[in-house]
Every structure is written in C-alpha cells, then in structure tokens.
Amino acid sequence: MAFTSALRLVGLLALADLDLVAWRTALTGTSSWLDALILCPGLHRQHGAQHLAHGEFPACAAMTTGYVFRVENPATVAYLQRISKTGHLTSLTVHDLHNGLEAGRSQPSASDSIVSLAVALAVVAISFLIYLSDMWALAYLATLVLIRILNIAMIRRQVDVDWHGASEPGVKGDLFILLSYDRWVRIKGDVDDLKAVTSGRWLREATAIEDALNGGAILLAWASPILAAAASQMGQAVILGLLLGNAMLLVWAHVRTESLQMKGKMVRVEGQRKYERRRILAEELIEESGRDDWAVAMALIPPKSGRSQHVGGAVM
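## Thoughts on the confidence of the model for the protein chain
Then, number 1: Residues with a pLDDT of 70 or more make up 91% of the protein chain, whose mean pLDDT is 88.
Then, number 2: Predicted confidence for residues 309-316 stays below pLDDT 50, and this span has 19 contacts to residues more than four positions away or in other chains.

## Thoughts on the nonpolar core
Then, number 1: Within the largest apolar cluster, 37 residues are counted, with the highest numbers of intra-cluster contacts made by Leu39, Tyr140, Leu141, Leu144, Ile239 and Leu250.
Then, number 2: Among the elements of the structure, helix H2 (20-28), helix H5 (110-132), helix H6 (135-158), helix H8 (208-223) and helix H10 (233-256) are those that each provide at least two residues to this core.
Then, number 3: Setting aside residues no more than four positions away along its own chain, Leu39 makes contact with Leu141, Leu144, Val145, Arg148, Leu242, Leu243 and Asn246.
Then, number 4: Membership of the second largest hydrophobic core comes to 30 residues, among which are Ile177, Leu179, Val197 and Val267.

## Things to note about the side chain of Lys265
Then, number 1: Structurally, the position occupied by Lys265 is in strand E7 (residues 265-274).
Then, number 2: Note on Lys265: relative accessible area 12%, which makes it buried.
Then, number 3: Here the side chain of Lys265 touches Asp96 through a polar contact of 3.2 Å, side chain to side chain.
Then, number 4: A polar contact is formed between the side chain of Lys265 and the side chain of Asp193, at a distance of 3.0 Å.
Then, number 5: Not counting residues up to four positions away in its chain, the partners in contact with Lys265 are Val94, His95, Asp96, Leu97, Asp193, Ala196, Val197 and Leu260.

## Some words on the pattern of salt bridges
Then, number 1: Applying the stated criterion to the full structure yields 17 salt bridges.
Then, number 2: Close ionic contact of Glu210 with Arg157 constitutes a salt bridge, the shortest N to O distance being 3.0 Å. Separated by 53 residues along the polypeptide, Glu210 in helix H8 and Arg157 in helix H6 bring together distant segments of the chain.
Then, number 3: Accessibility expressed as a relative area gives 2% for Glu210, which makes it buried.
Then, number 4: For Arg157, a relative accessible area of 55% corresponds to the exposed category.
Then, number 5: Here Arg201 makes a salt bridge to Glu205, at a shortest N to O gap of 2.4 Å.
Then, number 6: Shared partners join several salt bridges into a network, and the residues in it are Asp174, Arg186, Lys188 and Glu288.

## Brief notes about the environment of Leu194
Then, number 1: Counting through the fold element by element, Leu194 comes out in helix H7 (residues 191-198).
Then, number 2: The buried category is assigned to Leu194, whose relative accessible area is 4%.
Then, number 3: A C-alpha to C-alpha distance of 36 Å links Leu194 and Leu146, two positions 48 residues apart in sequence.
Then, number 4: Ignoring any residue separated from it by four or fewer positions in sequence, one finds Leu194 in contact with Val94, Gly173, Asp174, Leu175, Ile187, Lys188 and Gly189.

## Section: the layout of surface pockets
Then, number 1: In this structure, the second largest pocket occupies an estimated 370 Å³ of space.
Then, number 2: Forming the walls of the second largest pocket are 22 residues, and the residues nearest its centre are Ala62, Phe69, Leu175, Val191 and Lys195.
Then, number 3: Listed by contribution, the elements that provide at least two residues to the lining of the second largest pocket are strand E2 (68-70), strand E4 (172-179) and H7.
Then, number 4: Here the lining of the second largest pocket is composed, by residue class, of 8 nonpolar, 8 polar and 6 charged.

## Notes on the packing of H2 against helix H3 (residues 74-83)
Then, number 1: Their axes nearest at 9 Å, the elements H2 and H3 cross at an angle of 105°. Between H2 and H3, the angle falls in the class roughly perpendicular. Note on element contacts: H3 touches H2 through Ala75, Ala78, Tyr79 and Arg82, opposite Trp23, Ala26 and Leu27.
Then, number 2: A breakdown of the residues in the contact of H2 with H3 according to their chemical character gives 6 nonpolar, no polar and 1 charged.

Criteria and thresholds
Residues numbered from 1 in each chain as written. Predicted model: local features only at pLDDT ≥ 70, side-chain atom pairs only at ≥ 80, totals over all residues. Heavy atoms only, no water. pLDDT = per-residue confidence, 0-100. Contact = heavy atoms within 4.5 Å. Core = buried A, V, L, I, M, F, W, Y, C linked by side-chain atoms within 4.5 Å. Buried < 20%, exposed > 50% of the residue type's maximum accessible area, 1.4 Å probe, protein only. Helix = DSSP H or I, 4+ residues; strand = E, 2+ residues; numbered from the N terminus. Polar contact = N/O pair within 3.5 Å; in protein donor to acceptor, adjacent residues only side chain to side chain. Salt bridge = Lys/Arg side-chain N within 4 Å of Asp/Glu carboxyl O. 1 Å grid on protein atoms, 1.4 Å probe; cavity = no way out; pocket = protein on both sides within 12 Å on 5 of 7 lines; lining within 4 Å. Points joined across faces, edges and corners; volume = space filled by probe spheres on them. Nonpolar A, V, L, I, M, F, W, Y, C, P; charged D, E, K, R; others polar. Axes fitted to C-alpha atoms, helices over the stretch in contact; angles between N-to-C directions. Parallel < 35°, antiparallel > 145°, perpendicular 65-115°, else oblique.

So this is what it looks like as structure tokens:
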C-alpha cells in the first residue's frame, strides 16, 4: 500500500535537478523536433545548456600566429571540460560537416542509436496508455511533450551562427587551450572551423516573448504532477518506467558521446597524453610550432630578458 501511495508522486520525478537534456543540447549544438519525445527528469532545464561551463572562459593560444584570446563559446568550453583530464594533453580535430569527404566519415554514432531507443520507449509508453484508456496519464505525458516542444522551438530560434570572425579559407590552425585544474587541450583544423567552435556566442539572449514562454514552460512542469497523481496505478507505473528508462538511456548516450557538433562543425578526440611537468609540454609544443611568443603570453614559460611579457598580442 505504501508503494501504491508513493506512485501518486511519480510526476515529481520529472522535476529532478538533472542536466541530461541540457547536455544533449550542448553536445549537438541545437535540438531536433524528435527530441520532444525524450521525456526524462530535468526536461524543463534545457536552457541550462548555456551554463554547463560554470562561467569558465579559458585562455587559448594560436600556436601558428602567437595570438592569445579566450574560448567564448560556453558549449565548447563545457565539452572541453568534460573530455579533458588533469595533467594530460587532449588532442582534438575539427572539421566541417558539410564537406563531402568529412560528411561521409560522420556516420550515425552509438549515442544516436541510444537516443533513438529513448524515443521508441516514449512511443511504446504512449501506445500502452492509449490501450489502457488512461486519459490522466496521457494528459501528463502530453504536457511534458508540450514543454519539450516549447523549449526546442526557443533553442532553435536562439542558436546564433551569424558571427565567428573574418573568414580565412584554406588556412590551417593549431590551438592550445589552458583549462582550469591543469587540463590542456590542443585542437587542429581549418582556421574557419576553429573560429566557428571557439568564438562568438552559441545562443543569443532570449527576447521578452521567449522569456515569457520559458517561464510558462517551467510553470507547466511544476503543475503537471497534478495530472500524474490522478492517473491510474498502472498509468503511474508506466510513467515511472518511462522517466527512469529514458534517464538511464540518456546517461548511457552521454557516456558514449565523444564528439561535439557546433554550427555545422564536428570536434572529435584524437588522443590523450600524460605529462609530468607543464614545462615539458610547453617545450615540446614550442619546438613543434617553431615559436614561443604564445607560450610566454600564456605564462607557460618566463619571458626572455629584455622582452615584453605581452609578446603575442595577448587578450586575456
């Protein structure tokens, strides 16, 4: 009886403070309409994808030119934080998904298949509730789908791909990024592709109407448990299984995701190497790049006597 009574609170599970949906949004760089059927705890927190980097804007050096700046795209920073490791240099590459050769390499990943299972699970759950004629449970899931649709529409409107610096076609770039906790990242690729994933903003600020819609979606999320409480016990059990099942599937998908898609580009991990001292790493990269002004500007090595500490045009 106690478990049966507790099932009436199953609608509160969707309000859990989880960032599963936010992480999927950040890693894919947008949100598809099919995502509306991915119903899991924390679905109302999709706009939290902008804050997954926790305010960090790491220093970044272009080892080919010596210029130092910051990585301004919070989704890219969150991804770098996720795949990097203290005391290790993580090597990445970036390429254009619209390039014919590279597009052929970008086949559906394991994480995409897992997400498809989450969508299929929602379809099965909704079909079963229709069979049970549980209108309250269906109304609850319909409310969650509506919340997802509102958030997806706003995310798709806010994705900003208009500015990422002047184009430099055909020019190759090599970036070194210094993250917190002594995590180091190196990204190679065309300069235009590097600019697209590191510069500018990812999502623009919400308009007054979008803020109002986001507020309405949040209120719907907090009011929706009333519908779940009125559902039958079987309907509540189906809701519980759907929310927990999709949560586990999304966690699994995130574990299997090693790439970032952003503004039509894809960033993927190529390897990781441990260094005992940061100085050893700096000396290797200086020798490979043929210049040390970027390392001086990032304070990886001390400046030579009589030389300005700001060599390299640092913008910190």
